[in-house]
Amino acid sequence: MQNGFEYAHLPELVDLAVVTSGLGLLQSNISLVKEGGHFWDSTQWETFPRPFLDRHGLAYATAVAAWMRKQKDPSWQSDIPVDIKKPMKKSLKYLFKTGDCFVQADGGQSISSHSNNDWLRQAASNSKSQKIIGIRQLNIDNGTADQVNECLLNSLRSADREIRLHAIATLSRLAENNQPIEEELRMLATSRDDESRAKAVMALARMNALDDQSTEVAARMLDSHARFVVYAGIYALTSLPEVPAESVEPANRGFVRALQTCDYDMISLFTTAWLRWEESPEQHFEALLKDDSPEYLELALESLASAREQMAAAE
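Residues numbered from 1 in each chain as written. Predicted model: local features only at pLDDT ≥ 70, side-chain atom pairs only at ≥ 80, totals over all residues. Heavy atoms only, no water.

## Concerning the overall build of the protein chain
Helix and strand counts for the protein chain stand at 15 helices and zero strands. Per-residue burial over the protein chain gives 46% buried out of 315 residues. Pairs at least 24 apart in sequence give 63% of the contacts found in the protein chain among residues at least 6 apart. As displayed, the protein chain has an accessible area near 17,100 Å², and 49% of this comes from carbon and sulfur atoms. (Helix = DSSP H or I, 4+ residues; strand = E, 2+ residues; numbered from the N terminus. Buried < 20%, exposed > 50% of the residue type's maximum accessible area, 1.4 Å probe, protein only. Contact = heavy atoms within 4.5 Å. Areas by Shrake-Rupley, 256 points an atom, 1.4 Å probe, with all protein chains shown as cover.)

In structure tokens form, the structure reads like this:
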């Protein structure tokens, strides 16, 4: 932190830095995350980031650190807790057998030196880690647009969940309209997998490609107990200038739950949505809260005033 580590605001990356620097043995004996109480976006650390690495992530990071140092059987592994040591040994064996890791000890993989064609070749690799890194780095340019779209479409259709998720993340970043890709995303928006569904709906919102079915899916997400799923749903709906009548009740319920739990981030998201959908959201809030939940009305109005101030400052 004192040396200006640029990712200090992302606890997971701080943990990775600790392990990479050779302090993984100490880190593995500090259990700061017992269980995951929220739903996380595994492909975007910046969105509701985890507080710290979980056991699985810490085990893999430790294995990579040992592999980079060419330590097949590190003497220090006997001091690692069993719940980390067992998956760490399995990952370490895999790494020495396959070399399937984008990170290289010699620093040979420089992201800045790769062209879009390089990333396309990497996305076609049989190595899963190389493939995912290639997918994540793709961009649209005049020379490779067709190949990139074909690569991402095939990745969306992959039987591998992680490859699909990272392809959706790239499409969210690019936000390029492409009908076959939009149709595939709409299919993924009906998936039983929470993360696939949530990320697909957000990608469609960024492409301005929500149709009636995906809008309905986004509205149903507002009743989820998983925080990121609710976030994805309200994010998608907020991209619309108005919402269908059947989406209003789920939005009301989600807003009230956010108020009840004093989840200020979610309160702000819902307030921004109502500010977009209603000419006078104050009237909507009063009708919703005044009789049954008057104690929350003041909080809702304060959030509304703050949202208006932020919008005015951004103009």
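From this point, the discussion proceeds with the structure in view.
## Focus on empty space enclosed by the protein
One water molecule sets the probe size; rolling that probe over the atoms shows where empty space is left. For the structure on display, the rule yields two cavities of 30 Å³ or more. Here the second largest cavity is characterised by a volume of approximately 30 Å³. Considering the residues around the second largest cavity, the lining is formed by Ile140, Asn149, Leu152, Leu171, Leu174, Glu176, Asn178 and Ile181. Sorting the residues of the lining of the second largest cavity by element identifies helix H6 (145–156) and helix H7 (161–174) as the ones contributing at least two each. In terms of residue class, the lining of the second largest cavity is built from five nonpolar, two polar and one charged. (1 Å grid on protein atoms, 1.4 Å probe; cavity = no way out; pocket = protein on both sides within 12 Å on 5 of 7 lines; lining within 4 Å. Points joined across faces, edges and corners; volume = space filled by probe spheres on them. Nonpolar A, V, L, I, M, F, W, Y, C, P; charged D, E, K, R; others polar.)

## Brief notes about the layout of surface pockets
Counted as a void, the second largest pocket has a volume near 240 Å³. In terms of lining, the second largest pocket is formed by 14 residues, of which the most central are Val230, Arg257, Thr261, Asp263 and Met266. Looking at the lining of the second largest pocket, the elements with two or more residues in it are helix H11 (227–238), helix H12 (245–260) and helix H13 (264–277). Ranked by residue count, the leading element in the lining of the second largest pocket is H12, at four residues. When its residues are assigned to classes, the lining of the second largest pocket shows five nonpolar, six polar and three charged.

## With respect to H13
For H13, built from 14 residues, the straight-helix expectation of 20 Å at 1.5 Å per residue is met to within 8% by its first-to-last C-alpha distance of 20 Å. Its buried side turned inward, H13 meets H11, H12, helix H14 (281–289) and helix H15 (294–314). (Expected span 1.5 Å × (residues − 1).)

## Here's the deal with the environment of Ala305
Looking at the secondary structure, you find Ala305 in helix H15. Here the alpha-carbon distance between Ala305 and Glu282, two residues 23 residues apart in the chain, equals 9.9 Å.

## Overview of the environment of Tyr296
As for its placement among the helices and strands, Tyr296 is situated in helix H15. Here Tyr296 falls in the buried class, since its relative accessible area comes to 18%. Separated by eleven residues in sequence, Tyr296 and Phe285 have C-alpha atoms that sit 9.4 Å apart. For Tyr296, the contacting residues outside a window of four places in its chain are Leu259, Gln260 and Leu289.

## Describing H7
Here H7 contains 14 residues, and its C-alpha end-to-end distance of 20 Å stays within 8% of the 20 Å for a straight helix at 1.5 Å per residue. Of all 14 residues making up H7, eleven are buried, and the element is well covered by its neighbours. What H7 keeps buried is the set Ile163, Arg164, Leu165, His166, Ala167, Ile168, Ala169, Thr170, Leu171, Ser172 and Leu174. In the core, the buried residues of H7 are packed alongside helix H5 (128–137), H6, helix H8 (179–188) and helix H9 (194–206). Of the residues flanking the start of H7, the one acting as N-cap is Asp160, its side-chain oxygen 3.0 Å from the backbone nitrogen of Glu162. Positive backbone phi, at 50°, marks Ala175, one or two positions downstream of H7. (Polar contact = N/O pair within 3.5 Å; in protein donor to acceptor, adjacent residues only side chain to side chain.)

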